[in-house]
Amino acid sequence: MKLENEYRLSFYQELTSVSHKENIKLVKHTVTGKLFVKKVLSVYDRSVFDFIQMNHPTGVPAIVELVEDDGVLIVIEEYIAGDRLSEMPLPLGEPMVASIVLQLCEILKPFHEHVPPIVHRDIKPENLIISGDGFLKLLDFNAAKIVTEAKRDTILIGTAGYAAPEQYGFSASTPATDIYAIGVLLTELLTGGKDASILTGRWGEVARKCTEMNPEDRFHSVDVLESYISSDDKQRIIEDTGWIPPGFRTKTPWKIIVAVLGYIGMIDIALTLQVNNVSAGVLWLNRICFGAAEFSVLLLVMNYRGIQGKLPLTKNENKWIHYIGIILWSVVAILAMATVASLFA
C-alpha cells in the first residue's frame, strides 16, 4: 500500500466488529474522536462508491475515504446510530410501513436514475435503519453494481429470500431487482413473513406486483411504485405505537430497562430540586416546571409522535439545520417552564 494511503487510514483506530462481520469495523478518528465504519471489500463495484462519495445522496452514509489496493477496497463511511428494521418486533402498522417504503423509494431514485442505473441488490431489514432523527437510512452498498449490457448476472450476490430471480443468473440485475426486494420487505414488515399471497387489498396488489417473476411485469420504477402508496408524511417515520413513551416503543428489553432507570432518575431530580427563600407552594411549582422541561426536551430529542416533523427547523432534511432546531426548541421549552415558574415566585 502506498505510504500516502497508509497515512490516511492511520487516523482511524479500530474498536470492534459491526454485526459480527470481521471485514466491517467500528473505528474512531484519532484526532476528532468521531465514529466511522471501516469496510474491507474484495468484491465490489468501485464506480458505485465513487458516485456516493461525490454526490452525497440523501439517506445513505457519507463516504469520507476510499482506498483501493491490490484488489481490495477500503471504505471509511459515516457511522449512523439507530434501530435496524431487523431488530423491530413485527408486524408493523400500515402507516409506518407506508412511510418506510416511500422513504426507501426516495433514497433509491438518484441511483436508479443514474446513467447507467445503479442497483443496490441487497435490500433487507438488516440494511435499513431508522436513525435517531426519525429518517430511514439505507446501508451496505457492498453488493451494488452499475447496470451493464450483460445478459445475466455472473456472480450470485444478495440474500436468499430477498434476492430477485435474476440474481441467480436467470437474467441481468436492473432497478426492477430492487423493486422485487421492496415487495418482499413490505410483506415481511406487514405480516412478519414473506408470503405475499396472504396480503389483501392495496398492499397485496403492491407486494405481488413487486415480486413478479418476470422483471418486466413489476413496477417499472420506484416513481410508479410510489404512486400506488399514499401517506401524509413522506419525510419522517412516525411509529404506529400510540402513546407509548420513548424507550418502550421497540419492546427491546435493554432499552426498556434503560428507559425505566432514566425516568426514575429524571423524576428524582425534579422532586428533590431545592430553591431558596420560597414558600412550599412555589417550591413544588418549580419542581413541576423543572420536570416538565426535562420531559419536553426528552420527547423532542426522541421525536415522540413525530414531533420533529411538525416544527420549523427540526423538520429540515439538512442534518445540521435539523440538530440546531432540536437545540433551539429545547432551549425554548426550558425557558418557557422557567418563565411560568418565575411568575409565581
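Residues numbered from 1 in each chain as written. Predicted model: local features only at pLDDT ≥ 70, side-chain atom pairs only at ≥ 80, totals over all residues. Heavy atoms only, no water.

**Let's talk about the pattern of salt bridges**
It is possible for side chains of opposite charge to pair when their charged atoms get near one another.
Here is step 1: Counted under the stated rule, the structure contains 14 salt bridges.
Here is step 2: When the shortest N-O distance is used, the salt bridge between glutamate 77 and lysine 39 registers 3.4 Å. Pair noted here: glutamate 77 is in strand E5 (residues 72-78) and lysine 39 is in strand E3 (residues 35-41), with a separation of 38 residues, a long-range link.
Here is step 3: The class for glutamate 77 is buried, based on a relative accessible area of 8%.
Here is step 4: Residues glutamate 106 and lysine 109 are paired through a salt bridge, measuring 3.1 Å at the closest nitrogen-oxygen approach. Of this pair, glutamate 106 and lysine 109 both sit in helix H3 (residues 94-112), three residues apart, which is roughly one turn of that helix.
Here is step 5: The class of glutamate 106 is partly exposed, set by a relative accessible area of 37%. (Salt bridge = Lys/Arg side-chain N within 4 Å of Asp/Glu carboxyl O. Helix = DSSP H or I, 4+ residues; strand = E, 2+ residues; numbered from the N terminus. Buried < 20%, exposed > 50% of the residue type's maximum accessible area, 1.4 Å probe, protein only.)

**Re unusual backbone geometry**
Across residues other than glycine, the phi torsion is negative in most instances, and most of the peptide bonds are trans.
Here is step 1: Residue proline 91 is bonded to the preceding leucine 90 through a cis peptide linkage, with omega at 5°.
Here is step 2: As for its position among the elements, proline 91 is in the loop between strand E6 (82-84) and H3.
Here is step 3: Between valine 115 and proline 116 the backbone carries a cis peptide bond, its omega angle lying at -5°.
Here is step 4: Following the sequence through the fold, proline 116 ends up in the loop between H3 and strand E7 (118-119).
Here is step 5: In the Ramachandran plot, leucine 313 falls in the positive-phi region, its phi being about 75° despite a non-glycine side chain.
Here is step 6: Residue position: leucine 313 is located in the loop between helix H8 (280-301) and helix H9 (319-343).
Here is step 7: Residue class for leucine 313 comes out partly exposed when judged on its relative accessible area of 38%.

**Observations regarding the packing of aromatic side chains**
Here is step 1: As enumerated under the stated definition, the model contains seven aromatic pairs in all.
Here is step 2: In this structure an aromatic cluster arises from ring pairing among Phe51, Phe111 and Phe141.
Here is step 3: The ring of tryptophan 203 is capped by arginine 202, whose NZ or CZ atom sits 4.6 Å from the centre of that ring.
Here is step 4: Above the plane of the ring of tryptophan 284 lies arginine 287, whose end atom (NZ or CZ) is 4.7 Å from the centre. (Phe/Tyr/Trp six-rings, centres within 6.5 Å; stacked < 30°, edge-to-face > 60°. Lys NZ or Arg CZ within 6 Å of the ring centre and 35° of its normal.)

**Quick look at the sheet that holds E6**
In a beta sheet, neighbouring strands are held together by backbone hydrogen bonds and run either parallel or antiparallel to one another.
Here is step 1: Strand order in the open sheet made by the three strands is E6-E8-E9, with antiparallel pairing throughout. Looking at which strands have only one partner, the edges of the open sheet turn out to be E6 and strand E9 (136-138). With direction set aside, neighbouring strand axes in the sheet form an average angle of 30°.
Here is step 2: In terms of strand pairing, E6 meets strand E8 (residues 128-131) through three bridges, oriented antiparallel. Of the residues in E8, the one forming a bridge with aspartate 83 is isoleucine 130.
Here is step 3: Where H3 meets the sheet, its contacts fall on E8 and E9, and the angle it forms with E9 comes to roughly 45°. (Pairing = 2+ DSSP bridges. Axes fitted to C-alpha atoms, helices over the stretch in contact; angles between N-to-C directions. Contact = heavy atoms within 4.5 Å.)

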